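If you want the building blocks of each chain, they are given just below.
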Amino acid sequence: MPAREMRMEMFLRALLRRDFDKAKSHLDKLAKLVKEDEWGRGYLKAISGFMSAIKDNDPDSLIVRLINDPNPEEIKKLLEQFEEIKNQEFRDDYERGYYTAWVELLQAYLSQARLPLKR
């Protein structure tokens, strides 16, 4: 598994435990793995948004909704949609980076041995 994807899994696990200090540490390490270009800015914007939304428990955010009410079928559909979006040629690098972060997060989420139960 590539380093960035492995780090994304660790970032996600920390977020699911609501261990924001550890998540921030993984976010910082993810930031070092991406270039400082438009793609990297999009990628970092997405992962920063994941952490912020979960920390704030923003009920309107997609990531919070997926974590609070996990539905593997819905997640698989989103993963397919986001993979398609990130591969569209007319998308700019920022969007590709943003959706790559979503794809990696959703893949990591689906690979968890047991999805969190609905609270």
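Fair warning: this is a prediction, and the values are worked out from it, not measured in the lab.

Visitor: I tried to follow the overall build of the protein chain on my own but got confused; where do I start?
Guide: When its secondary structure is counted, the protein chain shows six helices and zero strands. If you list the helices and strands of the protein chain from N to C, you get α-α-α-α-α-α. Whereas a compact globule of 119 residues would reach a radius of gyration of roughly 14 Å, the protein chain reaches 14 Å, a difference of no more than 12%. With the principal axes as the frame, the protein chain shows a C-alpha extent of 40 × 30 × 30 Å.

Visitor: It is not clear to me how the environment of Val64 should be interpreted in this structure. Could you clarify?
Guide: Residue placement: Val64 occurs in helix α4 (residues 62-68). C-alpha of Val64 to C-alpha of Ser25: the two residues are 39 residues apart in sequence and 20 Å apart in space. If we ignore the near neighbours within four places in the chain, the residues touching Val64 are Ala53, Ile54, Asn57, Asp58 and Pro59.

Visitor: Even after reading the chapter, I still don't get the nonpolar core, so can you show me in this structure?
Guide: Soluble globular proteins tend to pack their nonpolar side chains together in the buried interior. Counting 35 residues, the largest nonpolar core has Phe11, Ile47, Phe50 and Ile63 as its most contacted members. Those elements giving two or more residues to this core turn out to be α1 (3-16), α2 (20-33), α3 (38-56), α4, α5 (72-87) and α6 (93-110). The dominant element in this core, judged by the number of residues it contributes, is α6, at eight residues. Those residues in contact with Ile47, other than ones at most four positions away along the chain, are Met8, Phe11, Leu27, Leu30 and Ala101.

Basis of the calculations
- Residues numbered from 1 in each chain as written.
- Predicted model: local features only at pLDDT ≥ 70, side-chain atom pairs only at ≥ 80, totals over all residues.
- Heavy atoms only, no water.
- Helix = DSSP H or I, 4+ residues; strand = E, 2+ residues; numbered from the N terminus.
- Rg over C-alpha atoms; globule rule 2.2 N^0.38 Å.
- Contact = heavy atoms within 4.5 Å.
- Core = buried A, V, L, I, M, F, W, Y, C linked by side-chain atoms within 4.5 Å.
- Buried < 20%, exposed > 50% of the residue type's maximum accessible area, 1.4 Å probe, protein only.

Don't take any of this as a statement about function, it's just geometry.
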